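This is what each chain is made of:
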Amino acid sequence: MPFRPLAVLFLALPLAARALCTSDQVPQPQAVLERFVSADCEACWRDPRTPEPAANTVVLDWILPGRSGDDAPLSAVASQDALARLVALGQTAPERSSAVGSVRTGSTVALRVAQGVPVNDYVGTTIELKQPGREAWNAWLLLVESLPAGAEGSPVARNLVRNVFRPDWDKAVGRAPGALAETRAMQIHEGAKPDRLRLVAILQDARGHIRAIRRTECP
């Protein structure tokens, strides 16, 4: 059976039947550290002085497209989404690497994320905001590959961003009351190990304040 019908069938299953990894009962990080590395700079990936996250902080690793294009040492894991994330943070692309830290502020909101079993290079994901009110929201749902220190030549543990989904929650006018929820099959890019995949979600309000940071854990 082709992979797309399988993905659709998988997403049609009840969440309880398919979700093995959720943010339920997982301590919510209070901050996020985002590390950006140019695909040209393999030495940056291997640098033992790479900034480490503080307590209660989740780390994200983004690989930016390099000037060498497909010939860049890290081009296989570079993404245009990394450039979009830099723009969202008000940052410019570094020549080699950079790090940006952000802290959750204001009252937290009830955000939940979950992921299912990988099926034919896709994984089913859900993101739900239970009480959105009438606010506009800016959400980033990130499929990351959790790499322990020493894996893939990195001296530090990393959450390498492999795929990105941005729900269309930024317009409050005309939106029906009730929870905001999205279910999406996210592609597992070549080279990623499915057992290492997790979700990290960052939710900002219309003023740019981070109101929730969620991550999945797997039993």
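What counts and how
Residues numbered from 1 in each chain as written. Predicted model: local features only at pLDDT ≥ 70, side-chain atom pairs only at ≥ 80, totals over all residues. Heavy atoms only, no water. Helix = DSSP H or I, 4+ residues; strand = E, 2+ residues; numbered from the N terminus. Buried < 20%, exposed > 50% of the residue type's maximum accessible area, 1.4 Å probe, protein only. Contact = heavy atoms within 4.5 Å. Core = buried A, V, L, I, M, F, W, Y, C linked by side-chain atoms within 4.5 Å. Phe/Tyr/Trp six-rings, centres within 6.5 Å; stacked < 30°, edge-to-face > 60°. Lys NZ or Arg CZ within 6 Å of the ring centre and 35° of its normal. Pairing = 2+ DSSP bridges. Disulfide = S-S within 2.5 Å.

A. View of the environment of valine 100. Mapped onto the elements, valine 100 comes out in strand β4 (residues 97-103). Under the relative-accessibility criterion, valine 100 is labelled buried at 12%. It is 10.0 Å that separates the C-alpha atoms of valine 100 and proline 51, two residues lying 49 residues apart in sequence. When near neighbours in sequence (up to four residues on either side) are disregarded, valine 100 contacts Val32, Leu33, Glu34, Phe36, Leu89 and Gln91.

B. Seen up close, the nonpolar core. Membership of the largest hydrophobic core comes to 21 residues, with the highest contact counts inside it found for Leu111, Ile127, Leu129, Leu141, Trp169 and Leu203. Of all elements in the fold, only β5 (111-116), β6 (122-129), β7 (137-147), β9 (180-187) and β10 (197-205) reach the threshold of two or more residues within this core. Beyond its immediate sequence surroundings of up to four residues, isoleucine 127 is in contact with Leu111, Arg112, Val113, Ala139, Leu141, Pro167, Trp169, Leu180, Ala181, Glu182 and Ala201. The next biggest cluster of nonpolar side chains, apart from the first, holds 18 residues, and it includes Leu86, Trp140, Ile202 and Ile210.

C. Spotlight on the packing of aromatic side chains. With the rule as written, the count across this model stands at two aromatic pairs. Ring geometry for phenylalanine 36 versus tryptophan 62: centroids 6.1 Å apart, planes at 10 degrees, classification stacked. Placement of phenylalanine 36 in strand β2 (residues 31-38) and of tryptophan 62 in strand β3 (residues 57-64) is noted, with a sequence separation of 26 residues between them. The same class applies to phenylalanine 36 and to tryptophan 62, which are both buried. When the ring of tryptophan 62 is compared with that of tryptophan 140, the centres are 6.4 Å apart and the planes differ by 90 degrees; the resulting orientation is edge-to-face. Of the two residues, tryptophan 62 sits in strand β3 while tryptophan 140 sits in strand β7, which places them 78 residues apart along the sequence. Given the relative accessible area of 1%, tryptophan 140 is considered buried. Ring-pair connections join several aromatic residues into one group, and the members of that group are Phe36, Trp62 and Trp140. The ring of tryptophan 140 has arginine 85 sitting right over it, with the charged end atom 4.8 Å from the ring centre.

D. Up close: the pairing of β7. Of all the eleven residues making up β7, nine are buried; the element is thus mostly covered by neighbouring parts of the structure. Of the strand pairs in this sheet, β7 and β10 are connected by nine bridges, and their pairing is antiparallel. Within β10, the position partnered with leucine 141 by the bridge is alanine 201. Looking at chain direction, β7 and strand β8 (residues 158-165) are connected through seven bridges and run antiparallel. When the bridges of β8 are listed, glutamate 145 appears paired with leucine 160.

E. Fine view of the pairing of β6. Among the eight residues of β6, seven are classified as buried, and the element is accordingly described as predominantly covered. Of the pairings in the sheet, the one linking β5 to β6 comprises five bridges and is antiparallel in character. Each bridged residue has a counterpart across the sheet, and for valine 113 the counterpart in β6 is isoleucine 127. Adjacent in sequence and paired antiparallel, β5 and β6 are bridged by five residues, among which asparagine 120 carries a positive phi angle near 50 degrees. Across eight bridges, the pairing between β6 and β9 is antiparallel. The partner of tyrosine 122 across the bridge, within β9, is glutamine 187.

F. The arrangement of the state of the cysteines in detail. Scanning all chains against the criterion turns up two disulfides. Disulfide pairing is shown between cysteine 21 and cysteine 218; the S-S distance is 1.9 Å. Taking the sign of the S-S torsion, about 110 degrees here, the bridge from cysteine 21 to cysteine 218 comes out right-handed. Taken together, the positions of cysteine 21 in strand β1 (residues 19-22) and cysteine 218 in the segment after β11 (210-215) put the pair 197 residues apart, joining distant regions of the chain. The disulfide partner of cysteine 41 is cysteine 44, and the S-S distance across this bridge is 2.0 Å. Given an S-S torsion of about 75 degrees, the disulfide between cysteine 41 and cysteine 44 has right-handed geometry. In terms of burial, cysteine 41 and cysteine 44 fall into one category: buried.

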